[in-house]
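# Structural characterization, general
Given next are the chains, with one letter for each unit.
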Amino acid sequence: MSIEFSEFKDQAKKVLKINFDGYKIDRVERRTKSLMNRHDIQDFSECLELIKSDDQFRDAYLNHFTINTSEFFRNPKNFNFLEKKIFPKLFAEKRKVRIWSAPCSNGSEPYTLAIILKELNIRSSSFEIVASDLDKTILKEAKKAVYKESSIKNVPKKLLNKYFEKIDKRNYQLSPEIKSQVSFEQRDLINKDFADNWDLILSRNFFIYLTKEMKDQLIKKFINVLNEEGYLFLGNTEYIFNPKKYGLEKLYQSFYIYR
Ligand SMILES: C[S@@+](CC[C@H](N)C(=O)[O-])C[C@H]1O[C@@H](n2cnc3c(N)ncnc32)[C@H](O)[C@@H]1O
């Protein structure tokens, strides 16, 4: 007998160790159904059985659920603001600037930061870039750092020639020097505690998938680990409606400062 989505969700949660309750639930259901369609799965019971018994399907489910879309210089205006206004101030004030990209998906975002810092002639001993994501598969890709044209379409030509090598018809390999500036780790932003002492946290295009309550909790968790005068950089369509409530001040589009 088939089960309802709510039961599927409760049981799958235990196997996958994901707290589905933090995500907008309609979206989780839609993603589950679209994967079921793709694999010709009849109902939620069958889907649950596969999640329990088939490692490959379990990975496919997680992969489908997490949505890994990302690209270099995503929303270029914001990265320009970071380069021109925020980095000069941060590096003038700090001996070592700690940056966390959470979640980082395929690495385009943290590597964009490394490219910008290289172009600003900032010594690599003056910063640390940590990048994390829930999805192990995408983290493997991030470490490989091989990208299709769609991921690098916003990279200015000069930087493309300097930091990428075309390795075949479709793929570009990022330079080892830039790769070496980012360290990756697996981290669940919903269930786990965070390391502290960050000067800049990028959490972009993640809040959009979460419930209001989870977004509120996460902002509080980020604020707890941000240094004073540290920055929070969100995605283009993500806003904090009452930043003062968290001790934040809006600086520009998706940038907030903690003071
Ligand atoms: C759309 S990508 C955003 C990537 C990048 N920040 C950007 O804006 O281009 C969303 C990422 O969130 C990750 N994710 C989903 N749930 C997560 C969780 N609970 N903890 C950490 N990462 C999660 C997904 O694996 C995916 O890589």
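For the structure itself, look to the data block above.
In short, a report on the structure. Since this is a predicted model, take the numbers as computed values, not measurements.

What follows is about the environment of P243. Its location among the elements puts P243 in the loop between β8 (226–234) and β9 (248–252). P243 gets classed as buried once you look at its relative accessible area, which sits at 16%. As for P243 and I257, which are separated by 14 residues in sequence, their C-alpha atoms are 9.4 Å apart. What P243 contacts, discounting residues up to four positions off in sequence, is L248 and Y256.

Our next topic: the pattern of salt bridges. Inspection of the entire model under this criterion finds 18 salt bridges. Taking the shortest distance from any N to any O, the salt bridge between E71 and K153 comes out at 2.8 Å. Taken together, the residues span a long stretch of sequence, with E71 in the loop between α4 (55–66) and α5 (76–93) and K153 in the loop between α8 (149–152) and α9 (157–163) at a distance of 82 residues. Given a relative accessible area of 17%, E71 falls into the buried group. The exposure class of K153 is exposed, given its relative accessible area of 56%. Of the charged contacts, one joins K158 and E119 as a salt bridge, the two residues approaching to 3.7 Å between their closest N and O atoms. Placement of the pair is K158 in helix α9 and E119 in helix α6 (residues 108–119), with a sequence separation of 39 residues. On the basis of relative accessible area, K158 is assigned to the exposed category, the value being 56%. Salt bridges linked by common partners bring K9, D10, K13 and D21 together as one network.

About the thresholds
- Counting restarts for each chain, with residues numbered from 1 along the sequence as it is written.
- Only residues with pLDDT of 70 or above have their local features reported here, since the model is predicted, and side-chain atom pairs are shown and tallied only from 80 upward, although totals for entire chains, interfaces and linings are computed over all residues.
- The basis for the side-chain values is all heavy atoms of the structure; hydrogens and waters are excluded.
- Helix and strand assignments come from DSSP, with helices taken as H or I runs of at least 4 residues and strands as E runs of at least 2, each series counted from the N terminus.
- Partly exposed describes any residue whose relative accessible area lies between the buried limit of under 20% and the exposed limit of over 50%, with all areas from a 1.4 Å probe on protein chains only and scaled to the type maximum.
- Whether two residues are in contact is decided by their heavy atoms, any of which lying within 4.5 Å being enough.
- Salt bridges are counted wherever a side-chain nitrogen of Lys or Arg sits within 4 Å of a carboxyl oxygen of Asp or Glu.

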